Amino acid sequence: MIRPGAHRRWGAGSWTTAWGLLLLSAVAVCAQQHPDLSGYWELRYDSQNIPQASLTPEAMASGPAQIRHDIEAVRWCNPIGMPAIMADRSGIDLRQSPSVIGIVAKPQSSARYIYLDGRSHPEKDELDPTTNGHSIGRWEGDVLVVDTVGFNDRGVARLPGGGARTQNSHLTERYRLLDNGQRLDVTFTWEDAKVFTKPYTYEYRYYRIPEIGEPRIFACNANDAQRAKFLMEPPPGR
């Protein structure tokens, strides 16, 4: 507690320092009220619960073209984006602060950011679509609920159980830290009237690991002719 009259002996710099420390303490207290999801996380062989998506006739008809689109995205080293970034078997690096979460994966991809500072999504005409979309999060008790919109059509857009993300897709994720912080369960629910006849949900279980081997991001050379041939041409014997 600051004693009455103490302000007479303090200069402006001292008051700035005191209030800065007070605000930092308040931020730290707020952060401690929620689980810290920071760490290295990997998927195991039995970590994915992926039912078949219920697709519209339009989405089913576009399947072959979508497969070709995604192969081209990998061939040209495009950022893979959501949902592929969260399905990386090499592990992901997740870092949490009170205002934002950052997620980095090894495949060719942009870092993903989930904003926790209370902001809303930008207006549609002001939102620049990206492969990861625009993500905002809120806490419901110990569960982090993440809302994402604003996707573009670049990268690997296919979803695990069928269909693909589009510019109209809406993704809701729910993150739960379990087993004394050693397991992170995430459910993904996609909504898009042109792709799904009903919301499509699947779940991943990530397990904490002590580190991720280097390099953290795999190199991708779009000018490698042998790599391009391997990706774009049918295997021998077909």
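Anything mentioned here points back to the structure above.
In this text, all values refer to a predicted model and were calculated from it rather than measured experimentally.

Procedures and definitions
Residues numbered from 1 in each chain as written. Predicted model: local features only at pLDDT ≥ 70, side-chain atom pairs only at ≥ 80, totals over all residues. Heavy atoms only, no water. Helix = DSSP H or I, 4+ residues; strand = E, 2+ residues; numbered from the N terminus. Expected span 1.5 Å × (residues − 1). Buried < 20%, exposed > 50% of the residue type's maximum accessible area, 1.4 Å probe, protein only. Contact = heavy atoms within 4.5 Å. Pairing = 2+ DSSP bridges. Axes fitted to C-alpha atoms, helices over the stretch in contact; angles between N-to-C directions. Core = buried A, V, L, I, M, F, W, Y, C linked by side-chain atoms within 4.5 Å.

(A) Broad picture of helix 3 (residues 63-75). Between its first and last C-alpha atoms helix 3 spans 19 Å; for 13 residues at 1.5 Å apiece the expected length is 18 Å, and the two agree. Along helix 3, the positions that sit buried rather than exposed are Gln66, Asp70, Ala73 and Arg75. On its buried face, helix 3 is in contact with helix 4 (225-232). Two residues or fewer past helix 3, cysteine 77 is found with a positive phi of approximately 60°.

(B) Quick look at the pairing of strand 2 (residues 92-96). Burial analysis of strand 2 places four of its five residues in the buried class, the great majority of the element. Judged from the three bridges that link them, strand 1 (residues 39-49) and strand 2 form a sheet pairing that is antiparallel. Residue pairing for strand 2: tyrosine 40 is matched across the bridge by aspartate 93. The turn linking strand 2 back onto strand 3 (residues 100-105) is made up of three residues.

(C) Main features of the sheet that holds strand 7 (residues 170-178). The strand order around the closed barrel formed by nine strands is 1-2-3-4-5-6-7-8-9, and the pairing between neighbours is mixed. Mean inter-strand twist for the sheet, computed between neighbouring axes without regard to direction, equals 30°.

(D) View of the nonpolar core. Among the nonpolar cores identified, the biggest contains 33 residues, and Met86, Tyr175, Phe188 and Tyr206 are the most heavily contacted of them. The contacts of tyrosine 206, once residues within four sequence positions are left out, are Trp41, Glu42, Leu43, Met86, Ile92, Gln182, Arg183, Leu184, Val186 and Phe188.

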